[in-house]
Amino acid sequence: MKSLYKITLLVCITILVSSCHDNSKPNYQYMPNMYESVGYETYSESNAFKNGKEGQLPPVGTIKRGFEPYEYENSTAGYDLAKLNLKSPLDSISEKEHTKSKELFEIYCAICHGNAGDGKGKLVTQGKFLGIPSYKDRVITEGSIFHVQTYGLNSMGSYANQLNQHERWLIASYVLELKAKL
């Protein structure tokens, strides 16, 4: 008797499955976008956003996580203001931080400015860059060094992406130390 029930159930399932399929008509698709995706043009307008053209902008006054604002603008006037007014927040530098500042200078700066800050780095001696000034000839302050590291100047690019503010201040103090030795 049990096998009769099993055979009946199997026949019913077979009839049910075969009755849903009709070769003359297309079948229903549960989620048609999964089978036939809509092709979108790159950079086309979208109704996903309010104005239809650009994505959502962050609220006014927000800054990204870990970002520390810098109040001087990237201009000659900003450079002059930083040179006059900007002072290092580092009160004193420990021996460990002094070693770190020397390492950072040798990694990022010495290739052009030289280990002694005399403007005779490896790229200068090989003729790749010309006109790298010696720190001895420059009127520089902590603020001007920090500003130049943040925004770059002439052929020197910005190091704000590679160095955080603390590291840039460490390098600025080390540059002034090198200038005093020259």
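Treat the numbers as computed from the prediction; the structure is a model and nothing was measured.

1. Looking at the nonpolar core
Next up, step 1: With 21 residues, the main nonpolar core has Tyr-70, Leu-86, Phe-105, Trp-169, Ile-171 and Val-175 as its most contacted residues.
Next up, step 2: Contributing elements (two or more residues each) for this core: helix H4 (95-108), helix H7 (142-151) and helix H8 (165-181).
Next up, step 3: Considering each element in turn, this core owes the most residues, seven residues, to H8.
Next up, step 4: The residues contacting Trp-169, other than those within four sequence positions of it, are Leu-86, Lys-87, Ser-88, Pro-89, Leu-90, Glu-142 and Phe-146.

2. Structural notes on unusual backbone geometry
Next up, step 1: Here the phi dihedral of Asn-154 falls at roughly 55°; this positive angle occurs in a residue that is not glycine.
Next up, step 2: Looking at the element boundaries, Asn-154 is found in the loop between H7 and H8.

3. A look at a nonpolar patch on the surface
Next up, step 1: Taken together, the side chains of Tyr-30, Met-31, Met-34 and Tyr-35 present a nonpolar region at the surface, about 590 Å² in accessible area.
Next up, step 2: Tracing the chain through its elements places Tyr-35 in helix H2 (residues 32-35).

4. Considerations on H8
Next up, step 1: The terminal C-alpha atoms of H8 lie 25 Å apart, and with 17 residues this matches the ideal 24 Å at 1.5 Å per residue to within 8%.
Next up, step 2: Three or more residues of H8 are buried, namely Gln-165, Glu-167, Arg-168, Trp-169, Leu-170, Ile-171, Ala-172, Ser-173, Tyr-174, Val-175 and Leu-178.
Next up, step 3: On its buried face, H8 sits against H4 and H7.
Next up, step 4: The residue sitting at the N-terminus of H8 and contributing the capping side-chain oxygen is Asn-164; that oxygen lies 3.2 Å from the backbone nitrogen of His-166.

5. Brief notes about the state of the cysteines
Next up, step 1: Counted according to the given criterion, the structure contains zero disulfides.
Next up, step 2: Left without a disulfide partner, Cys-109 is nearest to the cysteine sulfur of Cys-112, which lies 8.8 Å away.

6. Looking at the environment of Thr-125
Next up, step 1: Tracing the sequence through the fold places Thr-125 in helix H6 (residues 122-125).
Next up, step 2: Classification of Thr-125 by relative accessible area gives exposed; the value is 59%.
Next up, step 3: Separated by 13 residues in the primary sequence, Thr-125 and Cys-112 place their C-alpha atoms 9.0 Å from one another.

7. Quick notes on the packing of aromatic side chains
Next up, step 1: Under the counting rule described, the total for this entry stands at six aromatic pairs.
Next up, step 2: Between the aromatic rings of Phe-105 and Tyr-174, the centroid separation amounts to 5.4 Å while the plane-to-plane angle is 55°, which identifies the pairing as tilted. Residue Phe-105 is located in helix H4, and its partner Tyr-174 is located in helix H8; the two are separated by 69 residues in the primary sequence. Accessibility classification places Phe-105 together with Tyr-174 in one group, the buried group.
Next up, step 3: The interplanar angle of 10° and the centroid separation of 4.2 Å between the aromatic rings of Phe-146 and Trp-169 together place this pair among those described as stacked. Taken together, the residues Phe-146 in helix H7 and Trp-169 in helix H8 connect sequence positions 23 residues apart.
Next up, step 4: Accessibility expressed as a relative area gives 2% for Phe-146, which makes it buried.
Next up, step 5: Aromatic rings pair up to connect Tyr-70, Tyr-72, Phe-146, Tyr-151 and Trp-169 into one cluster.

Parameters and conventions
- Residues numbered from 1 in each chain as written.
- Predicted model: local features only at pLDDT ≥ 70, side-chain atom pairs only at ≥ 80, totals over all residues.
- Heavy atoms only, no water.
- Core = buried A, V, L, I, M, F, W, Y, C linked by side-chain atoms within 4.5 Å.
- Buried < 20%, exposed > 50% of the residue type's maximum accessible area, 1.4 Å probe, protein only.
- Helix = DSSP H or I, 4+ residues; strand = E, 2+ residues; numbered from the N terminus.
- Contact = heavy atoms within 4.5 Å.
- Patch = residues over 30% accessible without salt bridge, like charges linked within 9 Å, V, L, I, M, F, W, Y side chains within 5 Å.
- Areas by Shrake-Rupley, 256 points an atom, 1.4 Å probe, with all protein chains shown as cover.
- Salt bridge = Lys/Arg side-chain N within 4 Å of Asp/Glu carboxyl O.
- Expected span 1.5 Å × (residues − 1).
- Polar contact = N/O pair within 3.5 Å; in protein donor to acceptor, adjacent residues only side chain to side chain.
- Disulfide = S-S within 2.5 Å.
- Phe/Tyr/Trp six-rings, centres within 6.5 Å; stacked < 30°, edge-to-face > 60°.

Geometry only, nothing functional implied.
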